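Examining the three-dimensional arrangement
Next come the chains, spelled out residue by residue.
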Amino acid sequence: MSDQTDSPAAQSGKVFDRGLYVFVMRLRTPDFIQVGALGRFHFPAGWYLYTGSANGNLHKRVERHWSLKKKVRWHIDYLSTALDSEPVGAVLLPQDAGLTECQLNTLVGQLVGGQPLAPGFGVSDCQAHCPAHLWFSLAPVSLLGVARVHSKAAVILPGAGMWEPQLVELEDPEIEE
């Protein structure tokens, strides 16, 4: 993987080091997965959104989530290393976005209208007693749709660096006939 300083976003000084993220991944086939001491859960095929935070190296934290070569440490590691899982990307928010991890998690849950499939998943340090920090969607999830939860959101794709969308309406181009 390329160094974060090689990406266009890093060169323009727009990469933020601390903040929140929504890691989006897809599980292609259903699976029963043992999630450490939390227990064994059935994960249907579909799209998963995991909400987290990092007090430093935010970009590296997200890259770690889509890496297959890692020591299984967090709940999300059990799901992200499942045989048929694939990372889609992540939405990042800087620390000064004015949201807590749990507030972002609530917004994400509302966005996908999801139910937590694994109660307690990712909430070991949760301050707001969230049911889980992992949401499921049977329908495909748009990274840009998730980015619309906040005007300071940025999108990161595996191996592609960060992109900050300008979430404005585009004018219809005039078509000459």
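This one's a predicted model, so the numbers in the text were calculated from it and none came from an experiment. (Residues numbered from 1 in each chain as written. Predicted model: local features only at pLDDT ≥ 70, side-chain atom pairs only at ≥ 80, totals over all residues. Heavy atoms only, no water.)

Regarding the overall build of the chain
Per the secondary structure count, the chain includes five helices and eight strands. Going from the N terminus to the C terminus, the chain shows its helices and strands as α-β-β-β-β-α-α-β-α-β-α-β-β. Classification of the 177 residues of the chain by burial places 44% in the buried group. When contacts within the chain are restricted to residue pairs at least 6 apart in sequence, long-range pairs at least 24 apart make up 68% of them. Approximately 10,000 Å² of the chain is accessible, and the part contributed by carbon and sulfur atoms is 51%. (Helix = DSSP H or I, 4+ residues; strand = E, 2+ residues; numbered from the N terminus. Buried < 20%, exposed > 50% of the residue type's maximum accessible area, 1.4 Å probe, protein only. Contact = heavy atoms within 4.5 Å. Areas by Shrake-Rupley, 256 points an atom, 1.4 Å probe, with all protein chains shown as cover.)

Observations concerning unusual backbone geometry
One non-glycine residue, Asn 57, lies in the positive phi region at around 55°. The topology assignment puts Asn 57 in the loop between β4 (46-54) and α2 (58-65). The class for Asn 57 is partly exposed, based on a relative accessible area of 48%. One non-glycine residue with positive phi stands out, namely His 129, at about 60°.

Topic: the packing of aromatic side chains
Under the definition given, this model contains seven aromatic pairs. Ring pairing ties together the aromatic residues Tyr 21, Phe 41, Phe 43, Tyr 48, Tyr 50, Phe 121 and Phe 136, which thus form one cluster. (Phe/Tyr/Trp six-rings, centres within 6.5 Å; stacked < 30°, edge-to-face > 60°.)

Notes on α2
Among all positions in α2, only Leu 58, His 59, Val 62, Glu 63 and His 65 are buried. One side of α2 holds all its buried residues, which, seen down the axis, span an arc of 155°. Contacts made by the buried residues of α2 are with β1 (19-27), β4, α3 (75-80), β5 (85-94) and β7 (154-157). (Arc of directions from axis to C-beta.)

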